[in-house]
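Here is what each chain is made of, one letter per residue.
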Amino acid sequence: MSVRLIQLVIGLACTLFFLAIALYRVQLGAVSAALANANPFWIGAAMLIYAVNLALRAWRWQAILRPVAAIPYPMVARALLVGYGLNAIMPARLGELFRAEFFKKTSGLSRVWGLTSIIIERLFDGITVICCLGVGLLFAATARPNAGLLINVLVTGSVVFGAVLLAALCLSGSIMSRLVGRFPGLSARMAMVRQGFEILRTWRTLEVIAITLIIYLPDALSLWFVVKAVGLTLGFSDTLVLLGAASLSTLVPSGPAFLGTLQLAYALAIEFAGGPRAIGIAAATLAQLCLLFPLTLIAAGILAHGSGTALCAILARRQPDDGRAGQ
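**Brief notes about the packing of aromatic side chains**
And then number 1: Across all of its chains, the model carries six aromatic pairs by this definition.
And then number 2: Measuring from ring centre to ring centre gives 5.0 Å for Phe41 and Trp42, while their planes differ by 75°; the resulting arrangement is edge-to-face.
And then number 3: For Phe41, a relative accessible area of 58% corresponds to the exposed category.
And then number 4: When the ring of Trp42 is compared with that of Trp224, the centres are 5.9 Å apart and the planes differ by 85°; the resulting orientation is edge-to-face. Highlighted residues: Trp42 in helix H3 (residues 40-65) and Trp224 in helix H10 (residues 204-229), separated in sequence by 182 residues.
And then number 5: Members of the aromatic cluster, joined through ring pairs, are Phe41, Trp42, Trp224 and Phe225.
And then number 6: Of note, Arg99 hangs over the ring of Trp61, and the distance from its end group to the ring centre comes to 4.5 Å.

**Digging into the environment of Ala38**
And then number 1: By secondary structure assignment, the location of Ala38 is in the loop between helix H2 (28-36) and H3.
And then number 2: According to the relative accessible area criterion, Ala38 is buried, its value standing at 13%.
And then number 3: As a C-alpha pair, Ala38 and Leu286 span 248 residues in sequence and 8.6 Å in three-dimensional space.
And then number 4: Ignoring sequence-local partners within four residues, the contact set of Ala38 consists of Ile43, Ala229, Val230 and Leu286.

**Notes on the side chain of Thr128**
And then number 1: With respect to the element layout, Thr128 can be found in helix H6 (residues 111-139).
And then number 2: Those residues in contact with Thr128, other than ones at most four positions away along the chain, are Thr212 and Tyr216.

**Some remarks on helix H5 (residues 95-107)**
And then number 1: With 13 residues, H5 should cover 18 Å at 1.5 Å per step; its first-to-last C-alpha distance of 18 Å lies within 8% of that length.
And then number 2: Looking at H5, one finds that the buried residues are Gly95, Glu96, Arg99, Ala100, Phe102 and Phe103. Looking straight down H5, one finds that the buried residues subtend no more than 170° of arc, so they occupy a single side.
And then number 3: Where H5 terminates, the next one or two residues include Gly108, which has phi positive at roughly 80°.

**Thoughts on the layout of surface pockets**
And then number 1: Estimates place the volume of the second largest pocket at around 410 Å³.
And then number 2: Contributing elements (two or more residues each) for the lining of the second largest pocket: helix H7 (147-171), helix H11 (236-249) and helix H12 (261-272).
And then number 3: With eight residues, H7 is the single largest residue contributor to the lining of the second largest pocket.
And then number 4: Taken together, the residues that form the lining of the second largest pocket break down as 13 nonpolar, five polar and no charged.

**Considering the pattern of salt bridges**
And then number 1: Evaluated as defined, the whole model comprises 13 salt bridges.
And then number 2: The partner of Arg57 in a salt bridge is Asp219, with the nearest N and O atoms 3.1 Å apart. On the criterion of sequence distance, the pair formed by Arg57 in helix H3 and Asp219 in helix H10 is long-range, its members being 162 residues apart. For the pair Arg57 and Asp219, one class covers both residues: buried.
And then number 3: For the salt bridge of Glu101 with Arg111, the shortest nitrogen-to-oxygen distance reads 2.6 Å. Taken together, the positions of Glu101 in helix H5 and Arg111 in helix H6 put the pair ten residues apart, joining distant regions of the chain.
And then number 4: Among the residues examined, Arg111 registers a relative accessible area of 36% and is labelled partly exposed.
And then number 5: Three or more residues joined by partner-sharing salt bridges are found here, namely Arg57, Arg60, Glu96, Arg99, Glu121, Arg122, Asp125 and Asp219.

**Some points on empty space enclosed by the protein**
And then number 1: Enumeration over the complete set of coordinates arrives at one cavity of 30 Å³ or more.
And then number 2: Taken as a whole, the largest cavity encloses approximately 50 Å³ of empty space.
And then number 3: Taken together, Ile64, Leu65, Pro67, Val68, Trp113, Thr116, Ser117, Gln195 and Gly196 make up the lining of the largest cavity.
And then number 4: Listed by contribution, the elements that provide at least two residues to the lining of the largest cavity are H3, H6 and helix H9 (184-197).

Reading guide: rules and limits
Residues numbered from 1 in each chain as written. Predicted model: local features only at pLDDT ≥ 70, side-chain atom pairs only at ≥ 80, totals over all residues. Heavy atoms only, no water. Phe/Tyr/Trp six-rings, centres within 6.5 Å; stacked < 30°, edge-to-face > 60°. Buried < 20%, exposed > 50% of the residue type's maximum accessible area, 1.4 Å probe, protein only. Helix = DSSP H or I, 4+ residues; strand = E, 2+ residues; numbered from the N terminus. Lys NZ or Arg CZ within 6 Å of the ring centre and 35° of its normal. Contact = heavy atoms within 4.5 Å. Expected span 1.5 Å × (residues − 1). Arc of directions from axis to C-beta. 1 Å grid on protein atoms, 1.4 Å probe; cavity = no way out; pocket = protein on both sides within 12 Å on 5 of 7 lines; lining within 4 Å. Points joined across faces, edges and corners; volume = space filled by probe spheres on them. Nonpolar A, V, L, I, M, F, W, Y, C, P; charged D, E, K, R; others polar. Salt bridge = Lys/Arg side-chain N within 4 Å of Asp/Glu carboxyl O.

Structure (structure tokens):
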């Protein structure tokens, strides 16, 4: 509980800090005007494409889990929606831990395998968005606002995910298994971790890469629609920069719906594209309201339905006992 409390405090502190930076010298009236005049057609298109994006993400997670266990798609999709939905309201991405726990209870799969598969999923996401940010910066004009800051974000992200990839490859090898074999209490879990990460050393990696590339087509399109809804049309390279900056910003500890970090990422990317910062903040807020908030409601509905189903099962088991007790 103390660790969770520390994560909560850090997340909320980061939210206030980054939100203050994002709103610095920004007229709130311009932000509210952009939101009030947002085009509902483009909002609806963004929501529809975002739903396609989530469906593809569930397909990819099922592919990552396939070497360990054949989990039905509906079960994988429910767990993914719960985790993503709780990420939108819980600070410091605590929803990922809840996703692994929920997946364990619904599928029976070990928590270790669940967390390992989530790490692999996020690793492919991180490498992809870094490539998107790099390509976007490469094809954009060099003398643009925030170019230096975005390059620093690119370098930092590359170092972080490069280290994660190296660690995952080490954990998937036999050397690590021999090292931990001296500790019986760890050997069983490390064997599970190694089995989960082994996908990185097989041809299945190409399947996951292909699905990931497909995933980021609707992902980029949904962001383009959101920005279009507030009155700004982004070019190809600017869309890639926004995709990379917005995705990497969610790694920073923050409050619910990535408040603060997402506003700053959008503001920097939109300024880089030549638009006003107020439009970026409005687009980020619109994404939180129209994409993340409905996802949170879906996650709450899944959890509520699961609780109701469990309660009905308990009552069904108790009814015969109660009848015999009455006799």
